[in-house]
Amino acid sequence: MHKIGVIDLGSNTTRLIVMSYELGRCFRLTDEVSETVRLAEGVGDSRTLQARPIYRAVEALSMFERFCRNTGVEQIIEIEEHTSELQSLSRISYAVFCL
């Protein structure tokens, strides 16, 4: 079994899911971790991210990286923010299915 991590960095929450899979056979959800980062907090007309939310996002991503390294994840894929939870889950499923 192989393991892949999928990171969804959203404006409010950052999520990591870990899928175990066998090429050409099946995949299953192994782990899921999420952190509230509020990345868009304080973004005004300038559309500039603020230091504190960036720090929270970097901390969450660092934690995800450690988690992946310690649990044998072989590859990490990042996906962009989507307008709905359903779209996000759909993109994650598609990313893993394409393996």
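Counting from 1, residues in each chain are numbered in the order their sequence is written. Only residues with pLDDT of at least 70 get local features here, since the model is predicted, and only at 80 or more are side-chain atom pairs given and counted; chain-wide, interface and lining totals rely on the full set of residues. Excluding hydrogens and water, the side-chain figures rest on all heavy atoms present in the structure.

Turning our eyes to something else, we now look at helix α1 (residues 51–71). Relative to the 30 Å expected for 21 residues at 1.5 Å per residue, α1 spans 30 Å between its end C-alpha atoms, a close match to the ideal helical length. Every buried residue of α1 is accounted for by P53, R56, A57, A60, F64 and C68. One side of α1 carries all its buried residues, which in axial view fall inside an arc of 110°. Turned more than 90 degrees off the buried face of α1, the exposed positions are A51, R52, Y55, R69 and N70. A run of H or I in DSSP becomes a helix once it reaches four residues, and a run of E becomes a strand once it reaches two; helices and strands are each numbered from the N terminus. Two residues or fewer after α1 comes G72, characterised by a positive phi angle close to 80°. Take the number of residues in a helix, subtract one, and multiply by 1.5 Å to get its expected span. Here's how the labels work: a residue is buried when its accessible area is under 20% of the maximum for its type, exposed when over 50%, partly exposed in between, all with a 1.4 Å probe on protein chains only. Each C-beta atom gives one direction from the helix axis, and the arc is the one those directions make.

Time to look at the sheet that holds strand β3 (residues 26–36). Strands in a sheet are paired, the pairing made by backbone hydrogen bonds, and the direction either parallel or antiparallel. Only when DSSP finds a minimum of two bridges between them are two strands counted as paired. Here we have 4 strands laid out as an open sheet, ordered β3-β2-β1-β4, and mixed in their pairing. Each edge of the open sheet is held by one strand with a lone partner, namely β3 and β4 (75–79). Looking at each pair of strands side by side, their axes are set apart by 20° on average, direction ignored. Bridge count for strand β2 (residues 13–22) against β3 is 10 bridges, and the pairing is antiparallel. Within β3, the residue paired with Y21 across the bridge is F27. The contact rule is simple, with two residues in contact once any of their heavy atoms fall within 4.5 Å. Here an axis means a line fitted to C-alpha atoms, over the contact stretch when the element is a helix, while the angle between two N-to-C directions is reported on a 0 to 180 degree scale. Each of β1 (2–9), β2, β3 and β4 touches α1; the most contacted strand, β3, lies at about 145° to it.

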